[in-house]
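# Notes for the structure review
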Amino acid sequence: MKYFPFFIDIENKSGLIVGGGEVAAEKVFRLQPFHSNITVIAPVILDKLLHNKDIQCIERKFKDDDIYNKFYVIAATNDRQLNKHISDLCKKQGIFVNVVDDMKQCGFIFPSLVTSGSMCIGISTGGASPSIASIYREKIQKEIPENMEEILLYLAECRKWAKENIHNDNERKHYLKEQAKRLLDMY
């Protein structure tokens, strides 16, 4: 199955991770740079999550109403029935849901991410081979200039200028592409 790579703003949106082990921790650490309001619920939660001041941890069993007002939910428990139950609840409520290691229950999947400043590249194999996605993530990461954020800030200014001063769409597109190529060739 192919997944369309939507990029969604999750800043200040409420997310729930059900599970408190290593898999849940990995999801938390991948989400944190995007400034979501993350809550972790599990009877037992790893210390590295409990001591993370940027997330809320609740040590208890999951309750159905825990999904209330959540933008997304990640079921990361080792109980397949509970994960499926959480998925079913979320789907009925129209909540984005990811069930770790169970593609059939997912409404979204986690791509392998390459980030540099505000640039974010997602790589997915549709679950066929996370290893291939990881290999390409490493290859792409090596190609990105260290000062990518500076480049992007400059190009954002170029884009603003071009929108105001170049009224022909094709000319504007060409100008912006040439500016990007020039900067990348310099680094």
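Look up: the structure comes first, before these words.
Residues numbered from 1 in each chain as written. Predicted model: local features only at pLDDT ≥ 70, side-chain atom pairs only at ≥ 80, totals over all residues. Heavy atoms only, no water.

Another point: the packing of aromatic side chains. Tallied over the entire structure, the rule returns four aromatic pairs. Arranged with centres 4.9 Å apart and planes meeting at 65°, the rings of Phe4 and Phe6 form a pair that is edge-to-face. Per residue, the accessibility class of Phe4 equals that of Phe6, and both read exposed. Seen from their ring centres, Phe108 and Phe110 are 5.7 Å apart, and the 45° between their planes marks the pair as tilted. (Phe/Tyr/Trp six-rings, centres within 6.5 Å; stacked < 30°, edge-to-face > 60°. Buried < 20%, exposed > 50% of the residue type's maximum accessible area, 1.4 Å probe, protein only.)

Our next topic: the side chain of Gln179. Tracing the sequence through the fold places Gln179 in helix H6 (residues 169–186). In this structure Gln179 touches Tyr154, Leu155 and Cys158, once residues within four positions along its chain are discounted. (Helix = DSSP H or I, 4+ residues; strand = E, 2+ residues; numbered from the N terminus. Contact = heavy atoms within 4.5 Å.)

With that settled, consider unusual backbone geometry. Phi angles above zero are rare outside glycine, and Asn69 is one such case at about 65°. Given a relative accessible area of 59%, Asn69 falls into the exposed group.

Attention now goes to the packing of helix H5 (residues 148–165) against H6. Close contact between H5 and H6 brings their axes to 10 Å; oriented N to C, the two are set at 160°. One way to sum up the angle between H5 and H6 is to call them roughly antiparallel. When the axes of H5 and H6 are compared, the crossing they make is right-handed. Along its contact with H5, which presents Met148, Ile151, Tyr154, Leu155, Cys158, Arg159, Trp161, Ala162 and Lys163, the element H6 presents Arg172, Tyr175, Leu176, Gln179, Ala180, Arg182, Leu183 and Leu184. (Axes fitted to C-alpha atoms, helices over the stretch in contact; angles between N-to-C directions. Parallel < 35°, antiparallel > 145°, perpendicular 65-115°, else oblique. Left-handed = near helix turned anticlockwise from the far one by under 90°.)

Inspection of the secondary structure puts Phe71 in the loop between strand S3 (55–59) and strand S4 (72–75). As for Phe71 and Glu149, which are separated by 78 residues in sequence, their C-alpha atoms are 28 Å apart. Not counting the four nearest positions on each side in its chain, Phe71 is found in contact with Ile8, Asp9, Ile10, Lys13, Ser14, Ile95 and Phe96.

The next thing to look at is the sheet that holds S3. What the five strands build is an open sheet, ordered S3-S2-S1-S4-S5; its pairing is parallel. Either end of the sheet is taken by a strand with one partner, and the two such strands are S3 and strand S5 (96–99). Each strand of the sheet is rotated relative to its neighbour by a mean of 15°, with strand direction disregarded. Bridge count between strand S2 (residues 37–42) and S3: five bridges; the pairing is parallel. (Pairing = 2+ DSSP bridges.)

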